[in-house]
Structures are given as C-alpha cells and as structure tokens.
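# Chains, contacts and geometry: an overview
The lines below spell out each chain.
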Amino acid sequence: PGDPIAVVGCGYMGLGMISLFKLCGYGKIIAIDKRPEALENARKFGATECYFPEDIPTKYILNWETMGQVDLSRDGTNADLFNTGLPDVMEFTGTEEGLRLAGDLVCAHGRLGIGGYHNDSLRTIDYKLWNFKAMTTINCHERRIMYEAGLCQRCLDMLSSGQWNFTGVTKP
C-alpha cells in the first residue's frame, strides 16, 4: 500500500490494472499513453498522474541520457539510481516503442511487468541499460490454463461482489 507504479499503455488491459492497483492500495498511479481518451479513462479508473510519452517528467526516467556520464563499474555513477524512475512499471502497449519506454521508467533494482502481447516481430531493447539497472522483468502472459481459469474466477468474483468496479470505459 502506498507504493508508486506506472502503467504504459491504457487500453482495456492497462485500465483494468490501474483499477486493480487502486483497489490494492497503490499510492501514486502514473498512466502513460499517446491517446487523450485513454488518459481520460485512466483518470476515471484511479490514475493520479497522466502523461503523453513526450511529457513524462525527467524524474521518472532513468536511462543513459538522464544519468549523464556513467562509469559501468559497480559503484561508478553519480546518478541517483534508486530515486530516479519508478520501482514498479507495467507495460501493456505490445509495441517496441512502449516496451523501451517502460524499461526507461524502471529505477535500479525495480520491476517491469510485460503484459503487452509482443507477437508481431522481434524487439530490440537496450539490455545493457536493463542489466546496468539490475531490473527484474516479469512476463505476465500466463500459459497454465487451470491457473489462468482460477485467476479469471477471482476477477469474476470481485466484479460480481462489487469489490472491483471496472465498467464504463469511454470510447473514442
């Protein structure tokens, strides 16, 4: 409870996660999308800050550019690796550009959940940066059918009990 998190990509999956993060008690919930209507929906479902990719404050971005001159040795940087970027970021764009942006938002030793379906082509990411930041990536695509069915049942139970009010997405 109270932790910050960012969601890159505010389609139905990103919006569903924003509403669940609010329900779970996350503090600052940062929504990022290219579409104004997506950010409008993100606010409705609990995002506390909303940005177009080009408007993200520098304090949320930890990449080679924001770090400045970096010595790649263990303690060789003056950058604030733990207070620049965010400890948890979820990506739901399914695009290379969105995946790269999500990676740039993660602070040192942070976590990146990849929920976007990246099935159209290979992706090129800056693994040197990801490795330097010692970040953890989590592939959020479940392949265990019975486990997935259990998760779906939990969601249906939360919806039917009124605990999770995920309805009323505004269409463009």
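Here is a short report on the structure shown in this document. (Residues numbered from 1 in each chain as written. Predicted model: local features only at pLDDT ≥ 70, side-chain atom pairs only at ≥ 80, totals over all residues. Heavy atoms only, no water.)

## Quick look at the layout of surface pockets
Applied cut-off: Space inside and on the surface of the protein is sampled on a 1 Å grid over the protein atoms alone, with a cavity defined as a set of points where a 1.4 Å probe fits but cannot get out and a pocket as an open set with protein on both sides within 12 Å along at least 5 of 7 lines; lining residues have an atom within 4 Å of a point. Grid points are joined across faces, edges and corners, and a volume is the space filled by probe spheres set on the points. In this description a helix means any DSSP run of H or I spanning at least four residues, a strand means any run of E spanning at least two, and both kinds are numbered starting from the N terminus. When residue character is reported, Ala, Val, Leu, Ile, Met, Phe, Trp, Tyr, Cys and Pro are called nonpolar, Asp, Glu, Lys and Arg charged, and the others, Gly included, polar.
By volume, the largest pocket amounts to about 1200 Å³. For the largest pocket, the lining is made up of 30 residues, of which Met-17, Leu-20, Met-90, Cys-140 and Leu-151 are closest to its centre. For the lining of the largest pocket, the elements supplying multiple residues, two or more each, are helix H1 (12–24), strand E4 (86–91), strand E5 (106–114), strand E6 (136–139) and helix H6 (145–161). When grouped by side-chain class, the residues that make up the lining of the largest pocket number 19 nonpolar, 5 polar and 6 charged. Lining of the second largest pocket is provided by 20 residues; of these, Gly-9, Asp-33, Lys-34, Thr-93 and Thr-95 occupy positions nearest its centre.

## Looking at unusual backbone geometry
Under the convention used in this document: Buried residues are those whose accessible area, probed at 1.4 Å on protein chains only, stays under 20% of the maximum for their type, while exposed residues exceed 50% and partly exposed ones sit between those limits.
The backbone of His-109 sits at a positive phi, close to 65 degrees, despite the residue not being glycine. Residue Ala-134 is not a glycine yet carries a positive backbone phi of 55 degrees. Ala-134 gets classed as partly exposed once you look at its relative accessible area, which sits at 32%.

## What about the environment of Phe-166?
Tracing the chain through its elements places Phe-166 in the segment after H6. Note: C-alpha distance between Phe-166 and Ile-18 (148 residues apart in sequence) is 9.8 Å.

## A look at the side chain of Asp-33
Let me state the cut-off plainly: Polar contact criterion, stated in full: a pair of N or O atoms within 3.5 Å, where within protein one must be able to donate a hydrogen and the other to accept it, and residues adjacent in sequence count only if both atoms are side-chain atoms. Note on contacts: a residue pair qualifies if any of its non-hydrogen atoms lie within 4.5 Å across the two residues.
Mapped onto the elements, Asp-33 comes out in the loop between strand E2 (29–32) and helix H2 (36–44). A polar atom in the side chain of Asp-33 sits 2.6 Å from the backbone nitrogen of Cys-10. Here Arg-35 takes part through its side chain, which lies 2.9 Å from a polar atom of the side chain of Asp-33. For Asp-33, the residues in contact, after removing those within four places along its chain, are Gly-9, Cys-10, Gly-11, Ala-38, Leu-39, Tyr-51, Phe-52 and Pro-53.

## Focus on the side chain of Lys-133
Structurally, Lys-133 can be placed in the loop between helix H5 (127–132) and E6. Engagement of the side chain of Lys-133 in a polar contact is seen with the backbone oxygen of Val-106, the distance being 2.5 Å. Setting aside anything within four residues of it in sequence, one finds Lys-133 in contact with Leu-62, Gly-103, Asp-104, Leu-105, Val-106, Cys-107, Ala-108 and His-109.

## Some thoughts on the nonpolar core
This is how it is decided: What makes a nonpolar core is a set of buried Ala, Val, Leu, Ile, Met, Phe, Trp, Tyr and Cys residues whose side-chain atoms join them at distances within 4.5 Å.
Membership of the largest hydrophobic core comes to 25 residues, with the highest contact counts inside it found for Ile-32, Ile-56, Val-89, Leu-105 and Leu-112. Every element with two or more residues in this core is listed here: strand E1 (5–8), E2, E4, helix H4 (96–105), E5 and H5. In contact with Ile-56, other than residues within four places in its own chain, are Ile-32, Tyr-51, Ile-61, Leu-101 and Leu-105. Formed by 16 residues, the second largest nonpolar core is a distinct cluster that contains Leu-15, Ile-29, Phe-45 and Met-90.

## Considering the sheet that holds E6
Convention followed: Whether two strands pair comes down to DSSP finding at least two bridges between them. The axes used here are C-alpha line fits, helices contributing only the stretch in contact, and every angle between their N-to-C directions lies in the interval 0 to 180 degrees.
Here 6 strands make up an open sheet; going across it, the order is E3-E2-E1-E4-E5-E6 and the pairing parallel. Bordering the open sheet on either side are strand E3 (49–51) and E6, each of which pairs with just one other strand. Taking each pair of neighbouring strands and ignoring which way they run, the sheet shows an average axis angle of 20 degrees. One ladder, built from 3 bridges, connects E2 with E3; its direction is parallel. Residue pairing for E3: Ile-32 is matched across the bridge by Tyr-51. H2 rests against E2 and E3 of the sheet, and its axis sits at about 170 degrees to E3.

Worth remembering: the numbers are spatial, not functional.
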